[in-house]
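Topology and contacts: notes
Given next are the chains, with one letter for each unit.
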Amino acid sequence: MVTAAWAVVVIQVATGAGVLTARLTAPDLPRAAVAGAAQDRTVRGAGDREAAARTSAVTALLVRRASALIRRDRDAFLAGVDPRTPFRAAQARLFDALAAVPLADVGYDLDPARALELPPAAARRYDVPTWGAAVRMRYALAGYDGEPTAQEHYLTFVRRGGRWYLAADSDFASAGQRTARGLWDFGPVAAVRSRRVLVLGHPASLPLMRRILRTADAAVPRVTRVWRDWPGRVVVLVPDSTTELRRLVEHAGDLSQIAAVASADVGIDGGPPAGERVAINPGPFRSLSDFGRQVVVQHEITHVATRDVTSTNTPYWVAEGFADYVGYLDSGATVRSAARELGTDVRAGRLPKTLPTERDFAGDSPRLARAYEASWLACRVIAERIGRDGLVRFYREVSEAAGTPATALTAALRTQLRMTPAEFVAAWRDHLRRELG
Ligand SMILES: [Zn+2]
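Residues numbered from 1 in each chain as written. Predicted model: local features only at pLDDT ≥ 70, side-chain atom pairs only at ≥ 80, totals over all residues.

**Overview of the pairing of strand β6 (residues 163-168)**
Along any regular strand the residues' side chains alternate between the sheet's two faces. Burial runs high along β6: five of the six residues are buried. Direction of pairing for strand β5 (residues 149-160) relative to β6: antiparallel, over a ladder of five bridges. Within the sheet, the bridge partner assigned to F157 lies in β6 and is L166. Hairpin remark: β5 followed by β6, antiparallel, with two residues in the connecting loop; positive phi at G161, about 55°. (Buried ≥ 20, exposed ≤ 12 C-beta atoms within 10 Å, placed from the backbone. Helix = DSSP H or I, 4+ residues; strand = E, 2+ residues; numbered from the N terminus. Pairing = 2+ DSSP bridges.)

Put into structure tokens, the structure is as follows:
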């Protein structure tokens, strides 16, 4: 039996507007020079010239840093870090922690217009000129990320002896600007992989990571049998604690009932989501049976597969119900065992009147388990009437329809099921009564 619930989390990153004046890729040094030159032509006066020189120096520093990460050149990486602060030792540990991570396409997008003023407490720690900026770090996990993803880093640079160095990445946290974190910020990272699945975690978790690899590797083709149009590759993160998970996915809600989450970085400038990950909550996940783990992993991989289509018009009950529909597929689970809490309600005469809403899926919702069960059965109703492919078409139509969530749902129910929302709710309640009563 599945004792924990699960959720989908979309992490909003890098949606700020603004022209990127120095968009760099590590192996792309000539373009960096061009970007710097373009800025030089627009400057006026001594202050502007100083700013342009700083932009140029910091840009070059970030290009060297990206290049060092790709080439695994520790000396070059550390040469760009302030030698006078403990941050340098932390950066050395970070570089070492990344050794097993297949990084590719590393780059930093620096826009001087996104300069930040250091909070006073942070500024007092430096006795040399400083400059702060919000910078987008791009990277891809080679072989698993179709496109590079981007995350926000809030960086402090210092000038010592005419040279600029990276001096900190957490000075702005007190102002709510927290640099995105990866597993590598929490210690050495180990990797296990198949052609379809990359599992990253810490070395102490290797036995669990290997089991998750087998589970996820079996889940991917099952997901693809239902949802055919996705790359069929997935990255799973195994942090050591819920605290670490919370930081990785920037989730502020209650995770105590959550065994795993699916997350993604929202694409730059309105582009499609990137950096899709399944992230495991180690405590609740370890408490699951093998069956529960298979269902959870298959459920989360379904979220990854449908990510490009899922929109703000996708009702929660459709996204979660569909993920459970795929998660339970061929599992042999009976409706009575997989919808236990809802069954108790139905037999006690408490048949739900409406489909679950977003609020029912909050991590601390007392109705969380019932919300998943009710959504799963709603998707089964659809699949029973118009088949598995019909359910997929319904998911796509409701997600891609223009208009409000309500009009999108009404239109999709009409097109795919020839039903009004009220007729669908009535059919779903009949199903609950029949299957659970
Ligand atoms: Zn989910």
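**Some thoughts on the environment of W376**
Relative to the helices and strands, W376 resides in helix α13 (residues 368-400). Taking the C-beta count within 10 Å as the criterion, W376 has 24 such neighbours and is therefore assigned buried. Taking the C-alpha atoms as reference points, W376 and E320, 56 residues apart in sequence, are found 7.2 Å from one another. The contact partners of W376, leaving out residues within four places of it in the chain, are G321, D324, Y325, Y328 and A339. (Contact = placed C-beta atoms within 7 Å.)

**Quick notes on unusual backbone geometry**
Unusually for a residue other than glycine, R72 sits at a positive phi of about 55°. In this structure, D330 is a non-glycine residue whose phi angle is positive, near 60°. Here D330 is to be found in the loop between α10 (316-328) and α11 (335-338).

**Describing helix α14 (residues 405-417)**
A rise of 1.5 Å per residue sets the reference length of α14, with its 13 residues, at 18 Å; its end C-alpha atoms lie 17 Å apart and thus fit the reference within 8%. Every buried residue of α14 is listed here: A408, L409, A412 and L413. Along the axis of α14, the buried positions cluster into a sector of 130°, meaning they face one direction only. The exposed set on the far side of α14, more than 90 degrees from its buried face, consists of A406 and T407. Close packing links the buried residues of α14 with α13 and α15 (421-436). Positive backbone phi, at 55°, marks R418, one or two positions downstream of α14. (Expected span 1.5 Å × (residues − 1). Arc of directions from axis to C-beta.)

**Describing the packing of helix α9 (residues 290-306) against α10**
Between two packed helices, what matters for the description is the angle formed by their axes and the separation of those axes. Running from N to C, α9 and α10 point in directions that differ by 130°, and their axes come no closer than 8 Å. Judged by the inter-axis angle, α9 sits oblique to α10. In the crossing of α9 with α10, the sense of the turn from one axis to the other is right-handed. Residue-level inspection shows V295, Q298, H299, T302 and H303 of α9 in contact with α10, the latter providing F322, A323, D324, V326, G327 and Y328. Across the contact of α9 with α10, the residue classes break down as five nonpolar, five polar and one charged. (Axes fitted to C-alpha atoms, helices over the stretch in contact; angles between N-to-C directions. Parallel < 35°, antiparallel > 145°, perpendicular 65-115°, else oblique. Left-handed = near helix turned anticlockwise from the far one by under 90°. Nonpolar A, V, L, I, M, F, W, Y, C, P; charged D, E, K, R; others polar.)

**Thoughts on the pairing of strand β4 (residues 130-141)**
β4 sits mainly inside the fold: ten of its twelve residues count as buried. Bridge count between strand β3 (residues 103-116) and β4: eight bridges; the pairing is antiparallel. Its bridge partner being in β4, L116 is matched across the sheet by G132. Summarising the sheet, β4 and β5 pair through ten bridges and their orientation is antiparallel. For A134, the partnering residue across the bridge sits in β5 and is Y154.

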